[in-house]
Structure formats: C-alpha cells, structure tokens
Amino acid sequence: MLTIEEVVELYEKEGLVIIFKQINKKFGPKTLAGEYNTENNLNNSTKPPEIIIYQKMIENQKDLEITLLHEFIHARNDLILELDKENDTEVEKEAVETYKKSPEVIEFIKDFYCLKKLNFNP
Ligand SMILES: [Zn+2]
C-alpha cells in the first residue's frame, strides 16, 4: 500500500505536482479521469513530474480520492520503485486497498497539497 512516507518523498525529492484541468483527454477508447505524466522525466526535462486530474471526469469525492491514490501509486512505481512494467489493474487494486485500510494517506495528501475545497463536474 501507498504510505505517507512515499508521498513526502515524491514531493520533497521528486517535486511531484498535482494539476487540475477542465478539459477532457481521450486516451485510446477511454476518457481519462487522471494521468501520471511520465514525459517530464524524459530527455532531461527540467519540468517536475506531474499528476493531472481531469476534473470533468470526476464524479464525487470518493472518485477523486481513489483517482489521486491511483496516480500517486503510478508515480511511486516509477520514481521510487523504478518499475519497468506495471499492471493497471494492480495499481487500481492497491489504490482501493489504500483508500479503505489507510484512510490517513489520502487525508495527508489533501492537507499536504491543500486540496480541501474541490468541486466536481463544474
Ligand atoms: Zn493507471
């Protein structure tokens, strides 16, 4: 499961940022709710790694929180664990498990990134 220590490391060592966008993004046949942008890590980019939340696709608070956890797990797998391959179904399972068993992790993320006031489908 994702831990608070990993969230702190992603912020302090990697400079991970969260960006909210109002537009939708289609990725293959599906429209994304969230995305971990790995492109910034390539080509010695000076831009920080980012998590993008496509706000129009988010239905409610729980959906937002699980999407955030899911994208943080992608970021951790890439930047801390340096996994070459990951299985998106496993990432989603871990996100749901973290949401249920370690609710303090998403609360910490919301405090840490000042995400207290959010609205859905604006
Ligand atoms: Zn994913």
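Heads up: the structure comes first, above all this text.
Residues numbered from 1 in each chain as written. Predicted model: local features only at pLDDT ≥ 70, side-chain atom pairs only at ≥ 80, totals over all residues.

## Some words on the sheet that holds strand E5 (residues 50-54)
In any sheet, the strands associate via hydrogen bonds between backbone groups, in a parallel or an antiparallel arrangement.
Next, step 1: Pairing in this open sheet of three strands is mixed, and the strands run E1-E5-E4 from one edge to the other. The sheet is open, and its two edges are formed by strand E1 (17-21) and strand E4 (34-37), each paired on a single side. This sheet shows a mean twist of 20° between the axes of neighbouring strands, independent of strand direction.
Next, step 2: Strand direction decides the pairing type here: E4 and E5, joined by four bridges, are antiparallel. Its bridge partner lying in E5, glutamate 35 is registered against isoleucine 52. (Pairing = 2+ DSSP bridges. Helix = DSSP H or I, 4+ residues; strand = E, 2+ residues; numbered from the N terminus. Axes fitted to C-alpha atoms, helices over the stretch in contact; angles between N-to-C directions.)

## What about the environment of isoleucine 51?
Next, step 1: Mapped onto the secondary structure, isoleucine 51 falls in strand E5.
Next, step 2: Taking the C-alpha atoms as reference points, isoleucine 51 and valine 17, separated by 34 residues in sequence, lie 6.2 Å from one another.
Next, step 3: Dropping the residues within four chain positions of it, isoleucine 51 is found in contact with Leu16, Ile18, Gly34, Tyr36, Glu71, Phe72 and Ala75. (Contact = placed C-beta atoms within 7 Å.)

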